[in-house]
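# Chains, contacts and geometry: an overview
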Amino acid sequence: MLRRILIGIGIIAAIFLLFKYCDFKKPDDTTTIDSAGLIQEQILNVGKLIVTEGHFSEVITYKNQQKYLLDMLSFEKKALVIVNADVTVAYDLQKMKYDIDEQNKTITIVFIPKEEIKISPDIKFYDVEQSKLNPFTGDDYNKINKSVKANLAKKIEKSTLKTNAQNRLISELSKLLITTSQLGWTLKYEGKVIENEKEFGRQIKL
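Reference entry: report on the structure contained in this document.

Each value, and the rule that gives it
- Residues numbered from 1 in each chain as written.
- Predicted model: local features only at pLDDT ≥ 70, side-chain atom pairs only at ≥ 80, totals over all residues.
- Heavy atoms only, no water.
- Axes fitted to C-alpha atoms, helices over the stretch in contact; angles between N-to-C directions.
- Helix = DSSP H or I, 4+ residues; strand = E, 2+ residues; numbered from the N terminus.
- Parallel < 35°, antiparallel > 145°, perpendicular 65-115°, else oblique.
- Contact = heavy atoms within 4.5 Å.
- Nonpolar A, V, L, I, M, F, W, Y, C, P; charged D, E, K, R; others polar.
- Buried < 20%, exposed > 50% of the residue type's maximum accessible area, 1.4 Å probe, protein only.
- Pairing = 2+ DSSP bridges.
- Expected span 1.5 Å × (residues − 1).
- Arc of directions from axis to C-beta.

## Brief notes about the packing of helix H2 (residues 35-46) against helix H4 (residues 161-182)
Running from amino to carboxyl end, H2 crosses H4 at an angle of 170°, the nearest separation of the two axes being 9 Å. It follows from the interaxial angle that H2 and H4 lie roughly antiparallel. The residues of H4 that touch H2, namely those facing Ile39, Gln42, Ile43, Asn45 and Val46, are Glu172, Leu173, Lys175, Leu176, Thr179 and Thr180. Residues belonging to the contact of H2 with H4 are distributed by class as follows: five nonpolar, four polar and two charged.

The following block contains the structure:
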């Protein structure tokens, strides 16, 4: 009887050890982090349209003369032109190009798109003076529109609008820098390693 009890205990112990061994040997079901996949997902999140908006106003006086009879007669036309313009500076990061090197855990930004500037002027004319021999024509309006956009382009260059847009761009791209750093990857641009947002601002040439 004792022998049977001991055999039973032995069998139970053997079964218990067998289960423990199988449990120890079972494959690790811990999820493996797909670094490249996470980086590509972050690139997709970053790859959006960044838009910075601004508003500009200006007042110009347009004049034009037509002369006749050896310049003895002249007919002038003029107008006060008031311009209010909405301006947007945009970066379409869906156009950004990059290269992922999984073996060396390096992502290289190959191409960053230039900013796209859109000027939408609202032009209004006041105090219009003209004559039948020198009336306002479509050519005048084209000249005024061209002059307005040229003046606005100069104002945009002197303003902080483009700088603000670039700062937003760098801030957005820095999200990619954070992801690569957390995963132990290296982010490069133009052959240089980007280690922080400040370096991003210095090294990105737009």
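Having put the structure on the table, let's press on.
## Let's talk about the side chain of Asp92
Structurally, Asp92 is set in strand E2 (residues 73-92). Residues contacting Asp92, with those up to four places away along its chain left out, are Lys48, Leu49, Pro113 and Glu116.

## Let's talk about unusual backbone geometry
Leaving glycine aside, a negative phi is the common case for residues, and trans is the common case for peptide bonds. Here Asp127, not a glycine, exhibits a phi torsion of approximately 50°, which is positive. Within the secondary structure layout, Asp127 lies in strand E5 (residues 116-129). Asp127 sits in the exposed class, given a relative accessible area of 58%.

## Re the environment of Trp185
Note that Trp185 resides in the loop between H4 and strand E6 (186-189). With 81 residues separating them in the primary sequence, Trp185 and Asn104 have C-alpha atoms 8.2 Å apart. Discounting chain neighbours no more than four positions away, the residues touching Trp185 are Ser35, Ala36, Ile39, Ile100, Asp101, Glu102, Lys105, Thr106, Ile107 and Thr180.

## Concerning the sheet that holds strand E3 (residues 97-101)
Across the sheet, which stays open at both edges, the four strands sit in the order E3-E4-E6-E7 with mixed pairing between neighbours. Only two strands of the sheet have a single partner each, and these edge strands are E3 and strand E7 (192-194). With direction set aside, neighbouring strand axes in the sheet form an average angle of 30°. Across three bridges, E6 lies against E7 in antiparallel orientation. Bridged to Lys188 within E7 is Val193. Relative to the sheet, H2 contacts E3 and strand E4 (106-111), its axis offset from that of E3 by approximately 170°. Each of E4, E6 and E7 touches H4; the most contacted strand, E6, lies at about 140° to it.

## Brief notes about helix H3 (residues 138-158)
Along its 21 residues, H3 runs 31 Å from first to last C-alpha, staying within 8% of the 30 Å computed at 1.5 Å per residue. Along H3, the positions that sit buried rather than exposed are Asp140, Ile144, Val148, Leu152 and Ile156. The buried side chains of H3 occupy one side of the element, clustering within an arc of 140° when seen end-on. Facing away from the buried side of H3, by more than 90 degrees, are the exposed residues Asn142, Lys146, Lys154 and Glu157.

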